[in-house]
Amino acid sequence: MSSNAPHTPVLLDEVLQWLQIKPEGTYVDATLGAAGHSSAIAQLLSSGRLISLDRDAQALALARQRLTNFGTNVESRVTLVHAAFSKIAEVVRELGIPTVDGVLADLGVSSMQLDRGERGFSFREAAALDMRMDTVNDELTADEIVNQWSETEIADLLYREADEHDSRRIAKAIVRARPIRDTAHLATTVAGARKQWGRQRLHPATKTFLALRIAVNREMEELGQFLSRTPATIIPGGRLVVLTYHSREDRLVKHAFQQSEREGTLRVLTRHVVVPGEKELFENPRSRSAKLRCAERLAA
């Protein structure tokens, strides 16, 4: 994908509304992705500063090209950091920033990653079973899980991470079909193993690919660390906005917000999740599963 390819950030207007961007404020986009949200935040800053993190080196390179479109002084407003969002506290501290005015985390896989077949996130075309967001530092790949883990380990993974009720049938089929050559071979194997329950809205391999991606990138562990560390980086009155895309991560965010509220650290502002409207769903079908939650930092 070229740096000029279109990218549609999910729930953009709602993100900016809930973050309450101040032109002089300091903000963290903890999941830079294709820079859609970061670009919009940067345009609202005057003397303020934006720190954007991503564990994907390719995403950082692409974002750097896009952000230069906002003028010659963009480097003074935006700092790009190659780091997982769980490292937010360390990144902010190393930059010499005591606290920030707001933090955004968009937990979806960017269209850039999905549309680059060689990354292995999609079953639309044959590609290596990779699925690593950080191809520099991470070693575990989907290929290792699919071709080396035991049948029981794969079945447990599919059920735990993606609520795949046909997990045992799929795991048995995967082991029998080894070696699984690529993403297309895996998708075909999974589709042949799943029971058909009425009209299928999603591809039969959707949950399997989701579970593998979560495991390869340790997404739940990373999210848990992010949620526990982030409130301390935000000033009283500052806000934390999180976009989720599947039930397990949304439950984790919801429960973390509730726990922080009980402890007097955060105040939950979205008693009901914010979801895309009909217009956005029509223009960007990939937003259909998005949910936004926001909490405000309370005084220590």
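Residues numbered from 1 in each chain as written. Predicted model: local features only at pLDDT ≥ 70, side-chain atom pairs only at ≥ 80, totals over all residues. Heavy atoms only, no water.

Let's talk about the layout of surface pockets
Here comes step 1: If you add up the space inside the second largest pocket, you get close to 200 Å³.
Here comes step 2: In this structure, the second largest pocket is lined by Thr8, Pro9, Leu11, Leu12, Asp13, Glu14, Lys279, Glu280, Glu283 and Asn284.
Here comes step 3: Listing elements by their share of the lining of the second largest pocket, those giving two or more residues are helix 1 (12-19) and helix 14 (278-283).
Here comes step 4: Across the lining of the second largest pocket, the residue classes tally to three nonpolar, two polar and five charged. (1 Å grid on protein atoms, 1.4 Å probe; cavity = no way out; pocket = protein on both sides within 12 Å on 5 of 7 lines; lining within 4 Å. Points joined across faces, edges and corners; volume = space filled by probe spheres on them. Helix = DSSP H or I, 4+ residues; strand = E, 2+ residues; numbered from the N terminus. Nonpolar A, V, L, I, M, F, W, Y, C, P; charged D, E, K, R; others polar.)

Brief notes about unusual backbone geometry
Here comes step 1: Residue Pro179 is bonded to the preceding Arg178 through a cis peptide linkage, with omega at 0 degrees.
Here comes step 2: Its location among the elements puts Pro179 in the loop between helix 9 (167-177) and helix 10 (183-193).
Here comes step 3: Phi at Arg218 is positive, roughly 50 degrees, even though this residue is not glycine.
Here comes step 4: Inspection of the secondary structure puts Arg218 in the loop between helix 11 (206-216) and helix 12 (219-229).
Here comes step 5: Note on Arg218: relative accessible area 36%, which makes it partly exposed. (Buried < 20%, exposed > 50% of the residue type's maximum accessible area, 1.4 Å probe, protein only.)

Some points on helix 12
Here comes step 1: All of the buried residues along helix 12 are Glu219, Met220, Glu222, Leu223, Phe226 and Leu227. Considered in projection along helix 12, the buried side chains sweep an arc of 160 degrees and stay on one side of the axis.
Here comes step 2: Each element contacted by the buried residues of helix 12 is listed here: helix 5 (88-94), strand 4 (100-106), helix 8 (151-162), helix 11, strand 5 (234-244) and helix 13 (247-262). (Arc of directions from axis to C-beta. Contact = heavy atoms within 4.5 Å.)

What to know about the packing of helix 9 against helix 10
Here comes step 1: For the pair helix 9 and helix 10, the least separation of the axes is 9 Å and the interaxial angle reads 135 degrees. Taken together, the axes of helix 9 and helix 10 lie oblique to each other. At the point where helix 9 passes helix 10, the crossing takes the right-handed sense. Two secondary-structure elements touch here, helix 9 through Arg169, Ile170, Ala173, Ile174 and Ala177 and helix 10 through His185, Leu186, Thr189, Val190 and Ala193.
Here comes step 2: Here the contact of helix 9 with helix 10 is built from residues that sort into seven nonpolar, two polar and one charged. (Axes fitted to C-alpha atoms, helices over the stretch in contact; angles between N-to-C directions. Parallel < 35°, antiparallel > 145°, perpendicular 65-115°, else oblique. Left-handed = near helix turned anticlockwise from the far one by under 90°.)

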